[in-house]
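Residue strings, one per chain:
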Amino acid sequence: MNPSQLKHYFTAKDFADGIWTQKVQASKVEIKGAIHELQLKPGAEAEWVFVPLKSGTYVLRCPIPGHTEAGMTGEIAIKN
Ligand SMILES: [Cu+2]
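Throughout, a residue's number is its position along its own chain's written sequence, starting from 1. Local features in this predicted model are restricted to residues of pLDDT 70 or higher, and side-chain atom pairs are both shown and tallied only at a pLDDT of 80 or more, whereas totals for entire chains, interfaces and linings draw on every residue. With hydrogens and water set aside, each side-chain value is computed from the structure's full complement of heavy atoms.

1. What to know about the nonpolar core
We call a set of buried Ala, Val, Leu, Ile, Met, Phe, Trp, Tyr and Cys residues a nonpolar core when their side-chain atoms join them within 4.5 Å. Accessible area is worked out with a 1.4 Å probe on protein chains only. A residue is then buried under 20% of its type maximum, exposed over 50%, and partly exposed in between. Counting 11 residues, the largest nonpolar core is built from A12, F15, I19, V24, I35, L38, W48, Y58, L60, I76 and I78. Only DSSP runs of H or I reaching four residues or more are called helices, and only runs of E reaching two or more are called strands; each is numbered from the N terminus. Looking at this core, the elements that each hand over two or more residues are β2 (19-26), β6 (56-61) and β7 (73-78). Only heavy atoms matter for contacts: two residues are in contact if any of them lie within 4.5 Å across the pair. With near-sequence residues (within four places) excluded, I19 lies in contact with W48, F50, V51, P52, L53 and I78.

2. A closer look at the environment of W48
Considering the arrangement of structural elements, one finds W48 in strand β5 (residues 47-52). With 27 residues separating them in the primary sequence, W48 and T21 have C-alpha atoms 7.5 Å apart. Counting of polar contacts relies on pairs of N or O atoms within 3.5 Å, with two restrictions inside protein: one atom must be capable of donating a hydrogen and the other of accepting it, and residues adjacent in sequence are counted only when both atoms are side-chain atoms. A polar atom in the side chain of W48 sits 3.2 Å from the side chain of T21.

3. Observations concerning the coordination of the copper ion
Protein coordination at the copper ion comes from H8 (ND1), C62 (SG), H67 (ND1) and M72 (SD), with a distance range of 2.0 to 2.4 Å. For Na, K and Ca the donor cut-off is 3.2 Å, and for all other metals it is 2.8 Å, counting N, O and S atoms only; because water is absent from this set, sites may look incomplete. Only four donors with every angle between 85 and 135 degrees are called tetrahedral; only four or six donors with opposite donors over 155 degrees apart and all others between 65 and 115 are called square planar or octahedral, in that order; all others are irregular. Between the 4 donor atoms coordinating the copper ion, the angles at the centre fall across 94 to 123°, so the site counts as tetrahedral. Of note, the donors binding the copper ion are all from one chain and are spaced H-x53-C-x4-H-x4-M.

4. Some remarks on the layout of surface pockets
Left-over empty space is what a probe sized like a water molecule reveals as it rolls over the atoms. Using a 1 Å grid laid over the protein atoms alone, points where a 1.4 Å probe fits but cannot get out form a cavity; open sets with protein on both sides within 12 Å along at least 5 of 7 lines form a pocket; any residue with an atom within 4 Å of a point counts as lining. Grid points are joined across faces, edges and corners, and a volume is the space filled by probe spheres set on the points. By volume, the largest pocket is sized at about 310 Å³. Along its surface, the largest pocket is lined by 17 residues, and M1, Y9, F10, L40 and L60 are the ones closest to its centre. Where the lining of the largest pocket is concerned, the elements lending two or more residues are β1 (8-10), β4 (38-40), β5, β6 and β7. The leading source of residues in the lining of the largest pocket is β1, at 3 residues. Classification used: nonpolar for Ala, Val, Leu, Ile, Met, Phe, Trp, Tyr, Cys and Pro, charged for Asp, Glu, Lys and Arg, polar for all others including Gly. Of the residues in the lining of the largest pocket, the class split is 13 nonpolar, 3 polar and 1 charged.

5. Examining the pairing of β2
By this definition, two strands are paired if DSSP reports at least two bridges between them. Here 6 bridges tie β2 to β5, and the two strands are oriented antiparallel to one another. Note on β5: the bridge partner recorded for V24 is W48. Bridge count between β2 and strand β3 (residues 29-31): 3 bridges; the pairing is antiparallel. Along β3, the bridge assignment pairs A26 with V29. Counting the residues in the hairpin turn of β2 and β3 gives 2 residues, including S27, whose phi is positive at 55°.

Now the structure itself:
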């Protein structure tokens, strides 16, 4: 969910290679197949259903200039 007035990206290098995407659901559209990146426009909401394949810790960030520096980062840990 992106509750702000700006668009944001959700980019996690390597993360997309370590999962199997079952579907991405947004509004009335369901997308199936390999997904590597989502862009959420202001107010947008999307559901990403996936099966993790590889365990590891992946860094995610918003690559828009200034956003990573402002702390728009995170971590996804997949454990098995
Ligand atoms: Cu951002």
